[in-house]
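Listed below are the residues making up each chain.
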Protein chains: 2
Amino acid sequence: MNGKLVKTIREAISLSGLRDGMTVSFHHHLRNGDYVLNQVMAEIAALGIRDLTVSASSLFDTHQPLTDHIRSGVVTGIQTNYMAAGIGREISRGILGKPVEFRTHGARASDIASGQAPIDVAFIAAPSADHMGNCSGKFGKSACGSLGYAYPDAMYAKKVVVITDNLVPYPLQGWSIPETNVDYVVPVEAIGNPAGIVSGTTRITRDPVGLVMASYAARVIEHSGLLKDGFSFQTGAGGASLAAADFLKKIMLEKGVQGSFGLGGITGYMVDMLQAGCFQSLLDVQCFDLKAVESIRSDPRHQEISALHYAGPSARSAVVDSLDVVILGATEIDTAFNVNVHTDSNGYIMGGSGGHSDTAAGAKLAMIIAPLFRARLPIVTDHVTCVSTPGRDIDVLVTQGGIAVNPKNGELRQRLLDAGLPIVEIQELKARAEGITGAPKRLPRGGREVARVLCRDGGQLDSIYHTPEEAE
Amino acid sequence: MNGKLVKTIREAISLSGLRDGMTVSFHHHLRNGDYVLNQVMAEIAALGIRDLTVSASSLFDTHQPLTDHIRSGVVTGIQTNYMAAGIGREISRGILGKPVEFRTHGARASDIASGQAPIDVAFIAAPSADHMGNCSGKFGKSACGSLGYAYPDAMYAKKVVVITDNLVPYPLQGWSIPETNVDYVVPVEAIGNPAGIVSGTTRITRDPVGLVMASYAARVIEHSGLLKDGFSFQTGAGGASLAAADFLKKIMLEKGVQGSFGLGGITGYMVDMLQAGCFQSLLDVQCFDLKAVESIRSDPRHQEISALHYAGPSARSAVVDSLDVVILGATEIDTAFNVNVHTDSNGYIMGGSGGHSDTAAGAKLAMIIAPLFRARLPIVTDHVTCVSTPGRDIDVLVTQGGIAVNPKNGELRQRLLDAGLPIVEIQELKARAEGITGAPKRLPRGGREVARVLCRDGGQLDSIYHTPEEAE
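First things first, this report covers the structure right here in the doc. (Residues numbered from 1 in each chain as written. Chains lettered and ligands numbered in written order. Predicted model: local features only at pLDDT ≥ 70, side-chain atom pairs only at ≥ 80, totals over all residues. Heavy atoms only, no water.)

As a further point, take the packing of aromatic side chains. How two aromatic rings sit relative to each other is set out by the distance from centre to centre and by the angle between their planes. Residues and elements named next belong to chain A. Enumeration over the complete set of coordinates arrives at eight aromatic pairs over all chains. Seen in terms of ring centroids, Phe26 and Phe123 are 5.6 Å apart; in terms of plane orientation they differ by 15°. Their pairing is stacked. One end of the pair, Phe26, is in strand β1 (residues 23–26); the other, Phe123, is in strand β5 (residues 121–126), and 97 residues separate them in sequence. A relative accessible area of 2% means that Phe26 is categorised as buried. The lysine or arginine in question, Arg89, covers the ring of Tyr348, its NZ or CZ lying 3.8 Å from the ring centre. (Phe/Tyr/Trp six-rings, centres within 6.5 Å; stacked < 30°, edge-to-face > 60°. Helix = DSSP H or I, 4+ residues; strand = E, 2+ residues; numbered from the N terminus. Buried < 20%, exposed > 50% of the residue type's maximum accessible area, 1.4 Å probe, protein only. Lys NZ or Arg CZ within 6 Å of the ring centre and 35° of its normal.)

Inspection of the sheet shows strand β23 (residues 449–454) of chain B paired to strand β24 (residues 460–465) of chain B by five bridges, in the antiparallel sense. The residue bridging Val453(B) from the neighbouring strand is Asp462(B), located in β24(B). (Pairing = 2+ DSSP bridges.)

Let's shift gears to the relation of the copies chain B and chain A. Turning chain B through 180° and shifting it by 0.0 Å along the axis lays it on chain A, with an RMSD of 0.0 Å. Viewed as a symmetry operation, the transformation between the two copies matches a two-fold axis. Every residue of chain B has its C-alpha some distance from the rotation axis, and the shortest such distance is that of Pro300(B), at 4.7 Å. Of the residues that chain B buries at the interface, 100% are likewise interface residues in chain A, meaning the two copies contact each other through the same surface. (Least-squares fit on C-alpha atoms with pLDDT ≥ 70 in both. Contact = heavy atoms within 4.5 Å.)

In this complex, chain B contributes 39 residues to the contact, which on the side of chain A involves 39 residues. Buried area between chain B and chain A, summed over both chains or domains, comes out near 2800 Å², and the portion from carbon and sulfur atoms is 53%. Applying the counting rule to chain B against chain A returns two salt bridges. One salt bridge in this structure joins Asp183(B) and Arg316(A), with 2.6 Å as the shortest N-O distance. Our count for the contact surface shared by chain B and chain A stands at 20 residue pairs in polar contact (both at pLDDT 80 or more). Counting only elements with at least two residues in the side of chain B that touches chain A, the list comes to β8 (159–164), β12 (281–287), β13 (302–304) and α12 (307–311) of chain B. Class assignment of the residues belonging to the side of chain B that touches chain A gives a composition of 18 nonpolar, twelve polar and nine charged. (Buried area = accessible area lost by both parts, 1.4 Å probe. Salt bridge = Lys/Arg side-chain N within 4 Å of Asp/Glu carboxyl O. Polar contact = N/O pair within 3.5 Å; in protein donor to acceptor, adjacent residues only side chain to side chain. Nonpolar A, V, L, I, M, F, W, Y, C, P; charged D, E, K, R; others polar.)

So this is what it looks like as structure tokens:
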């Protein structure tokens, strides 16, 4: 049986039986360096197939050609967990007839597994694969580390096409996705641009505002009652979040706290914490930089997890359910602690939940770290433009102007007060920002729904509306 | 979320919702040292639950108490891939009302995945687990190595109970089965008797007849045209098969053949071949001895595979589909090359296909190695008592009296003749054995079907009938 290897992406598409009206899927571990989505969609368009839904775990600005496929009717539906600002702006202008479906990383995995978001043909960009389809992200010139978000696509799609630029002898050692689920394997020249796949290094902020926030964040964790042996932690790749991790690392080493695991999209800073003994293991659904890729390849304590294992709400349990602390960002947060990470304050799509809602729901302490204002727009508002993560799942907001604790957390508030941290009401943070920037003008909302934000555990959380041109 | 940990097996059974008429499942990596099946079935019986089907990847003689549960009506159905002689004899005597369903290791995985053999509650004996159910066979006092046969149970059962005697802090490193699929975790004193789980060492035969067969087997492989770079190989744990592997190793090292993978139930001899450079990797669905357990724990080239990945006929591909050579045993083989591994010549159940039919169907060269006679009963017959593996999938029979090639393999026959190997017709081997032992008396067949042998790719291959007492 050697029938899986096919010469071109076009041939694989034809063999897959893809037809008008079906759903194709992609994962985003190659991030802004990904070539595969564009290559596949160009071939699909050339074959004259139309009316497709694209299910992508995330969409980056490198995927801008997708907007042409929308305009030409090749693509009429989009399901994604994150959409970068370039594509987001066009979606907000209304180029797609049907609303985009935004899910969380966990909910996408669960909805694919349950059949609520079925995939006809999954295209897996694989930095290494053998001719039977065993594949991995750990090795090869386009190595991206974990393939965690591609697992549900590979497990549940009716047909699975692996596209690789590093075909290795059978059997590939250290596969992430096994041949059992793969129908076709296509060798290509390049699946991505290494410079865009992972950054060489992620960098801690040097911005004084960021450093103040990071210091507060670390002290909140220190005094939360959670920083003890067995402690677990997730943070994003933003400069202030990384600075917070760095402060936290120093505190953990000083106090001799033996943490259990670091989770998430993994950066070199989390690898440093593993190597310094802050954690027993890293659980990695996506690598953010080269140091993380090198670590997942060589250190058995650094383990790949599937999107379902990371955060699936339908799983009997996911790692987020055992998470102590997560540090998250926000484009807006309102006085009920609802967080927006889908749109900017003008209502243009420029992000998505990713694992935001998943980790906030799971973690014992979900902390938002954000400056009081950005580009003269206050971060704290009366009502966020879009609810990405409900306020009930957010525990603390850290800004350079003070720390607001969700009123549901009386005990935590007292602990932080006792530690001498600058605790303020969230309304006070709003007032303070508006005192500097002025109260922002609320922009008129367009009439047409351009995206739906789905709850991680079913139903719809919010809608995003068409943004008229005058908003610009 | 800490709700998975329960104090007793009985409590887990109650929480699982197990009721009369359901199906419970077990895996057999603890082999004849397994305590879990008996412990669970005793608790089920004590709870008064009846009319259950037991789906066990294999049943060993340590599971003899199961026959009491059959007699008392607790168990009314059995699905398994292998049944040792002690239980087999009682089944052959007709203690179970419904016929046993015998599957292959691959077909069991596929039928569980497809829903054709659904499981209500799976009980996973786990040598290590954390309190959320991430578990592994690699670590702990009851370490058995691979948990390959337990994957489909864990993936598809409606409820999954992990039973462990080594509860480790969360998250277990190097899990085989993730928490996403586990409902309950029960810590117990011991899941098995280490002496019965794996043998300290598996031993090469010193029997002269076995050594002759092993030497022939190695020479058949040498001259088959398959022994070249990329060569892949599976063999069983029998003394002559291991001796064949040892001869083969010497040939590979002399000729500088760089094989690709060794497959299967893995013994220390296959580990030796890996370490000597005969293979790039071992793909391991079950460890047979301590050396294999140590290797899968510490050598990343030695990889665990699920039963589906090993041999699932419904998988888009399984490793057996890429296998070059497999050496297999037989209790009988007939002149059409049909092989019996389910019963002895008297018709008593004393085995099962396991991976026999799977590897025979997949491998380019499926070789049976068997003596001309055992206990004065010839191995070659006109018609096997039970067809376990159809003759179309068997290529060669190696005996101490010569080598018979299936007539479908003209080219192979010529190659072996050219190499000077003693090629004879299979009818000649039958005549030669009967010349020594006399023609065996065909025993009367009982009227009632006590077991069905299912094809790996659907339908029924053969039936096993009630064996009257006078057969003894």
